[in-house]
Amino acid sequence: AEGYVLTIAPEAICIHANRPAGIFYGAQTLLQLVPPTPTREPIAIRAATIRDVPRFEWRGMMLDVARHFFKVADVKPLIDNLARYKINRLHLHLSDDQGWRIEIKSWERLAKHGGSTEVGGGAGGYYSQAEYSELVAYAAQQYITIIPEIDVPGHTNAALASYAELNADETARDLYTGTEVGFSSLSIHQAITYKFLDDVIGELAALTPAPYIHIGGDEARSTAHDAYLYLIERVQEIVRAHGKRMIGWEEIAQAKLLPTSIAQHWCADFAAQAIRQGARVIVSPSTRAYLDMKYDAATKLGLDWAGLIDVEKAYMWEPTAEVQGATDENVLGVEAPLWTETIETLDDIEYMTFPRIIGIAEIGWSPQVNRSWDEYRQRLAAHGARLKAFDVNFFAAPQVPWE
Ligand code: ACM
């Protein structure tokens, strides 16, 4: 579906593909072979035939728009730069304790009140449904699928602040602008919780062409274990009833999963339980793929709870080695999340994302054989001028001999 053959011969350059996405990826490869800025000088390109198919169908990035909100105008240039590296999924973390970022017409206060602040107490914001659809369409033009996430049953303070009736004690919570997690939970045994979930997931499903809804499910530290399992299985059924497949952070694999559901590995070994149940996994190890981890001790932005992740560490790993029982068949692919407790601007996003996402993109696309940091860092060096030409505020890692 995404493969192509690029033929560069004296008489012509041709791209052949089975599907439009393949033509697009062949074009991205060709564009990497010419200078990044327009020139009137003749360009020499070495003759070659490149036959290329991706190893994994899921090559993603996640952007947390809940801790800090990022407008459509900030997300579009990110999409442009991800597409150049054949990233094909952008997972938007649309709700958390600090903010609800998507308009839900049947529960208006979620965005209007729950979206009215962010970490640090700034103004926050949210996507109207029209803006969300605009992003979906913009991304689709560059073969990027938007995956929406509403995080439940923990990470729900913004919803609990918006509607008193979602709380067991019928008392609305205060808005929250801190960064600690694990204190909020939907009320598991109230009927209204499932009306809320059905309405929200229904509206989100109608707005989302992708066959997936991400329901979070991580760090539900204020939900009793049995109640957690009960909720996840009910949410899975709601997602299925709206014609979608459920994705959740790997904790969901403690519940009974449908084989169509997908668990996203990040820091534990629950994803192995998903595989044993016949479900597939997305691999996002926090020690390798978390873009909010600092590069080194001097990095001003970001966190370090999963360690420092320099460009080499973000590149030199193998997805099937991260989860017990993982194979190329049950691993859907890789994704690099950017949590935004400390990230406030597009410049911040770019600094933490580039160049590490380029290595993640290669792990997602290319075979693992003969991978070497020394070879990669020479190739990566040539991308410094490209990133500059595209005005990307990347981290010029000292280990890379930038051209
Ligand atoms: C996560 O980092 N809580 C998925």
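Numbering of residues begins from 1 in every chain and follows the order in which that chain's sequence is written. Where local features are concerned, this predicted model is filtered to residues with pLDDT of at least 70; where side-chain atom pairs are given and counted, the filter is 80 or more; whole-chain, interface and lining totals use all residues. Side-chain numbers here rest on the full set of heavy atoms in the structure, without hydrogens or water.

## So, the overall build of the protein
Note on conventions: DSSP H or I runs of at least 4 residues are helices, E runs of at least 2 residues are strands, and numbering of each starts at the N terminus. Along the protein, the regular secondary structure elements total 14 helices and 13 strands. Atoms counted for the radius of gyration: C-alpha only. Globule rule: 2.2 Å times the number of residues to the power 0.38. Taking 2.2 N^0.38 as the reference for a compact globule, 403 residues should give roughly 22 Å; the C-alpha atoms of the protein span a radius of gyration of 21 Å, in line with that estimate. C-alpha atoms of the protein, sized along the principal axes, occupy 75 × 45 × 40 Å. Burial status follows relative accessibility: with a 1.4 Å probe on protein chains alone, a residue under 20% of its type maximum counts as buried, one over 50% as exposed, and anything between as partly exposed. Evaluated residue by residue, the protein yields a buried proportion of 57% over its 403 residues. Whether two residues are in contact is decided by their heavy atoms, any of which lying within 4.5 Å being enough. Of all intrachain contacts in the protein linking residues separated by at least 6 positions in sequence, the fraction that spans at least 24 positions is 70%. Only carbon and sulfur atoms are counted for the fraction: they give 52% of the accessible area of the protein, which is about 16,200 Å². Under the counting rule used here, the positive set is Lys and Arg, the negative set is Asp and Glu, and His together with the chain ends is not counted. Where a charge lies is defined by one atom per residue type: Lys uses NZ, Arg uses CZ, Asp uses CG and Glu uses CD. Between the averaged position of the 36 positive side-chain charges in the protein and that of its 53 negative side-chain charges there is a distance of 5 Å. Surface accessibility in these figures is a Shrake-Rupley result with a 1.4 Å probe; residues are shielded only by whichever protein chains are displayed.

## Comments concerning the pattern of salt bridges
The term salt bridge refers to a side-chain nitrogen of Lys or Arg lying within 4 Å of a carboxyl oxygen of Asp or Glu. Within the structure shown, the criterion is met by 17 salt bridges. Between aspartate 169 and arginine 173 there is a salt bridge; the shortest N-O distance is 3.3 Å. Given a relative accessible area of 34%, arginine 173 falls into the partly exposed group. Sharing partners across several salt bridges, the network here consists of Asp64, Arg67, Asp96 and Glu341.

## Structural notes on helix α12 (residues 356–365)
In terms of burial, α12 is largely enclosed, as 10 of its 10 residues are buried. Buried residues of α12: Arg356, Ile357, Ile358, Gly359, Ile360, Ala361, Glu362, Ile363, Gly364 and Trp365, and no others.

## Section: the packing of helix α6 (residues 191–207) against helix α7 (residues 225–241)
A fitted line through C-alpha atoms represents every axis, and for helices the fit uses only the stretch in contact; the resulting angles, taken between N-to-C directions, go from 0 to 180 degrees. Between α6 and α7, the least distance of the axes is 10 Å, while the angle of their chain directions is 35 degrees. In this structure, α6 crosses over α7, and the sense of that crossing is right-handed. Side by side, α6 and α7 meet where Thr193, Tyr194, Leu197, Asp198 and Ile201 of the first sit next to Tyr230, Leu231, Arg234, Val235, Ile238 and Val239 of the second. Taken together, the residues of the contact of α6 with α7 break down into 8 nonpolar, 1 polar and 2 charged. Note on convention: the crossing is left-handed when the near helix lies turned anticlockwise from the far helix by less than a right angle, right-handed when the turn is clockwise. Only Asp, Glu, Lys and Arg are considered charged, only Ala, Val, Leu, Ile, Met, Phe, Trp, Tyr, Cys and Pro nonpolar, and every remaining residue, Gly among them, polar.

## Some points on helix α1 (residues 20–32)
Compared with an ideal rise of 1.5 Å per residue, which puts 13 residues at 18 Å, α1 spans 19 Å between its outermost C-alpha atoms and is within 8% of the ideal. Among the residues of α1, Ala21, Gly22, Phe24, Tyr25, Gly26, Gln28, Thr29 and Leu30 are the ones counted as buried. Expected span, for any helix, means 1.5 Å times one less than how many residues it has.

## Let's talk about the packing of aromatic side chains
Side-chain rings of Phe, Tyr and Trp (the six-membered ring for Trp) are treated as a pair once their centres are within 6.5 Å; stacked means planes under 30 degrees apart, edge-to-face means over 60, and tilted covers the remaining angles. By the definition in use, this model includes 22 aromatic pairs. Seen in terms of ring centroids, tyrosine 4 and tryptophan 365 are 6.5 Å apart; in terms of plane orientation they differ by 40 degrees. Their pairing is tilted. Pair noted here: tyrosine 4 is in strand β1 (residues 4–8) and tryptophan 365 is in helix α12, with a separation of 361 residues, a long-range link. For the pair shown, tyrosine 4 and tryptophan 365 are each scored as buried. With a centroid separation of 6.4 Å and 10 degrees between ring planes, the pair formed by tryptophan 266 and tyrosine 290 is classed as stacked. You can see tryptophan 266 sitting in the loop between β11 (262–265) and α8 (270–276) and its partner tyrosine 290 sitting in the loop between α9 (286–289) and α10 (311–315), a full 24 residues away along the chain. Look at tyrosine 290 and you get buried, because its relative accessible area is 2%. Each residue in the set Tyr4, Phe24, Tyr25, Tyr143 and Trp365 is aromatic and connected to the rest through ring pairs, giving one cluster.

## Comments concerning the pairing of strand β8 (residues 145–152)
In terms of burial, β8 is largely enclosed, as 7 of its 8 residues are buried. Sheet topology note: the strand β5 (residues 89–93)/β8 ladder contains 5 bridges and is parallel. The residue bridging arginine 89 from the neighbouring strand is threonine 145, located in β8. For two strands to be treated as a pair, DSSP must find no fewer than two bridges joining them. When β8 meets strand β9 (residues 212–216), the two strands line up parallel, connected through 2 bridges. Bridging from a neighbouring strand, glutamate 149 pairs with histidine 214 of β9.

## A word on the sheet that holds strand β13 (residues 331–338)
An order of β4-β5-β8-β9-β10-β11-β12-β13 is seen for the 8 strands of this closed barrel, with the pairing classed as parallel. The mean inter-strand angle of the sheet, taken between neighbouring strand axes irrespective of direction, is 30 degrees.

## Structural notes on the side chain of glutamine 264
Mapping glutamine 264 onto the fold places it in strand β11. Of note is the side chain of glutamine 264, whose polar atom sits 2.9 Å from the side chain of histidine 214. With residues up to four places along the chain from it excluded, the contact list for glutamine 264 reads His91, His214, Gly248, Trp249, Glu250, Ile282, Ser284 and Glu335. Identification of polar contacts relies on pairs of N or O atoms within 3.5 Å, with a donor-acceptor requirement for protein atoms, meaning one able to donate a hydrogen and the other able to accept it, and with residues adjacent in sequence counted only if both atoms are side-chain atoms.

## Re unusual backbone geometry
Residues apart from glycine generally show negative phi values, whereas peptide bonds are mostly found in trans. Cis geometry marks the peptide bond from valine 152 to proline 153, where omega comes out at -5 degrees. Structurally, proline 153 is set in the loop between β8 and α5 (157–162). In this structure, the amide linkage connecting phenylalanine 354 to the following residue, proline 355, adopts the cis form with an omega of 10 degrees. Among the structural elements, proline 355 can be located in the loop between α11 (346–353) and α12. For tyrosine 143, which is not glycine, the phi dihedral falls at a positive 60 degrees. On the basis of relative accessible area, tyrosine 143 is assigned to the partly exposed category, the value being 31%. Unlike most non-glycine residues, aspartate 391 shows phi in positive territory, near 65 degrees. Turning to its location among the elements, aspartate 391 is positioned in the segment after α14 (383–389).

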